[in-house]
Amino acid sequence: LRAWCGARAPRRATKKLRTVPGTRAKPTRRCKRAATRQVRASAAGIDLSGPESVLQALGALAAVIAVHEMGHFTAARLQNIRVSKFAVGFGPIVARVQGEEVEYTVRAIPIGGFVTFPDAQNGEDSEQYDPDDPDLLRNRPIWDRAVVVSAGVVANAIFAYALLLTQVSSVGFLRQEMMPGAVVPELQQNSAAARGGLRPGDKVIEVGGTPLDEGGRGVRELVQLVKISPGKELQLLVDRNGEELPLTIIPDDVRGMGRIGVQLTSNANPKRLIAHDPGEALKMAGQEWIKLLDTVVGGLVQLFSNFSGAAKQVSGPLAIVSVGAEVARTDISGLYQFAAIVNLNLAVVNLLPLPALDGGYLFLMLIEALRGGKKIPKEVEQAVMTSGLLLLTSLSIWLLIRDAIGLTIK
């Protein structure tokens, strides 16, 4: 979830932020909002302000999960594998449609969904289906079952790409174009910068007649020049609302280092990148898809390699909806990438070889293949999957309680 702005943009911004000794660097407004979202969703509480944005986030999350289950369902039906139920959501049934073989339902809790396959050997639908029915999922070859199990992951990956393709073809990707110089968002009263005439919003573009570099390099150059110039005049060229002004700043001497009492950020202009033709759209969507996938995989690797430090960033449903709602309030077009990153998260996590996840079923099928096609005893498979389901359910309840404790509704 942090990839939309909470991982990529803040990390880039953090690397590019530098502070004059004794002051703090300040992130850009957009990245500050993303950092705020991350704090709300992890430690300080969950903000569900605004019912409209919450409904938009819930809708996006429900769509992601529905697509995952639709992947399983479609793969099964295309292979003439029997399906008994298809549900979007959990809990009490809100709407039901009974098809010729399949019961379709929409449930009260939109965060979730499931596809049920009849299993005559387990007593379910024992009167309707022959235990040796070749169209029962468990009676199909390993390859057929693997296609059904992995189809949810494939559906999420395709849906993520489709969302990004739609975004880049319509509203575009929001990017920060780095410009030369450094921006002064805030400064301390009675500081050297204030005495020299600097104001919040000024862009320092030259120091001593030498232009500053763009992005983080320009910020670092200004910080270094201030640090080595205590008590010395610095001739600055400042861009103030399009007008260039020469200013003279004399840094204060603080323990042998210069200090002017300002906060600095990279000089960046937000812009939207919109594809001009279908070929460019396909390419840009693919590049963004790879970036988001890299962020998801990197976060997962970090979670396993540094669990104690990264576990606090694991979010439950409420936190996810909170992030989506904040994205919707900030920039409605950001919901495209919010949904895309949730899609990829769901896809990657489901591939983990853990019980009750798609990857767990695929792992058991791999063992079956290595055994020469000899099926794993049903009791063993059920015991493994049930234990995994209990573990995941316990984790979900814990995350839900943790999120609810910090819940803020306005």
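Described below are features of the structure shown in this document. Computed from a predicted structure; not experimentally measured.

Definitions and cut-offs
Residues numbered from 1 in each chain as written. Predicted model: local features only at pLDDT ≥ 70, side-chain atom pairs only at ≥ 80, totals over all residues. Heavy atoms only, no water. Helix = DSSP H or I, 4+ residues; strand = E, 2+ residues; numbered from the N terminus. Buried < 20%, exposed > 50% of the residue type's maximum accessible area, 1.4 Å probe, protein only. Salt bridge = Lys/Arg side-chain N within 4 Å of Asp/Glu carboxyl O. Polar contact = N/O pair within 3.5 Å; in protein donor to acceptor, adjacent residues only side chain to side chain. Contact = heavy atoms within 4.5 Å. Patch = residues over 30% accessible without salt bridge, like charges linked within 9 Å, V, L, I, M, F, W, Y side chains within 5 Å. Areas by Shrake-Rupley, 256 points an atom, 1.4 Å probe, with all protein chains shown as cover. Core = buried A, V, L, I, M, F, W, Y, C linked by side-chain atoms within 4.5 Å.

This brings us to unusual backbone geometry. We note that Asn80 has phi near 60°; this positive angle belongs to a residue other than glycine. Here Asn80 is to be found in the loop between α3 (51-78) and β2 (85-98). Even without being glycine, Arg255 reaches a positive phi, approximately 55°. Counting through the fold element by element, Arg255 comes out in the loop between β9 (252-254) and β10 (257-259). For Arg255, a relative accessible area of 80% gives the class exposed.

Turning our attention to the pattern of salt bridges. Under the defined criterion, the tally for this structure stands at 12 salt bridges. Residue Arg140 pairs with Asp144 through a salt bridge whose shortest N-O separation is 3.3 Å. Relative accessible area serves as the criterion here: at 12%, Arg140 is assigned to the buried category. For Glu368, the salt bridge identified is with Lys375, shortest N-O distance 3.9 Å. Looking at Lys375, the relative accessible area reads 33%, which means it is partly exposed. The network of salt bridges with common partners includes Arg77, Arg82, Glu101 and Asp133.

With that out of the way, let us pick up the side chain of Ser191. Positionally, Ser191 belongs in the loop between β4 (173-184) and α5 (192-195). Overall, Ser191 belongs to the buried group, its relative accessible area being 5%. Polar contacts involving the side chain of Ser191 include one to the main-chain carbonyl oxygen of Ile260, which spans 3.3 Å. Excluding residues that lie within four positions of it along the chain, Ser191 makes contacts with Ile260 and Gly261.

This part is about a nonpolar patch on the surface. A cluster of nonpolar side chains, namely Phe363, Leu366 and Leu370, defines an oily patch on the protein surface of about 330 Å² accessible area. Among the structural elements, Leu366 can be located in helix α11 (residues 358-370). A relative accessible area of 45% means that Leu366 is categorised as partly exposed.

It is characteristic of soluble globular proteins that their nonpolar side chains tend to be buried jointly. Judged by nonpolar contacts, the single largest core of 28 residues is most densely connected at Leu164, Val168, Leu292, Phe338 and Val342. Of all the elements in the fold, those that place two or more residues in this core are α3, α4 (142-169), α7 (278-305) and α10 (335-350). For this core, the leading source of residues is α10, giving eight residues.

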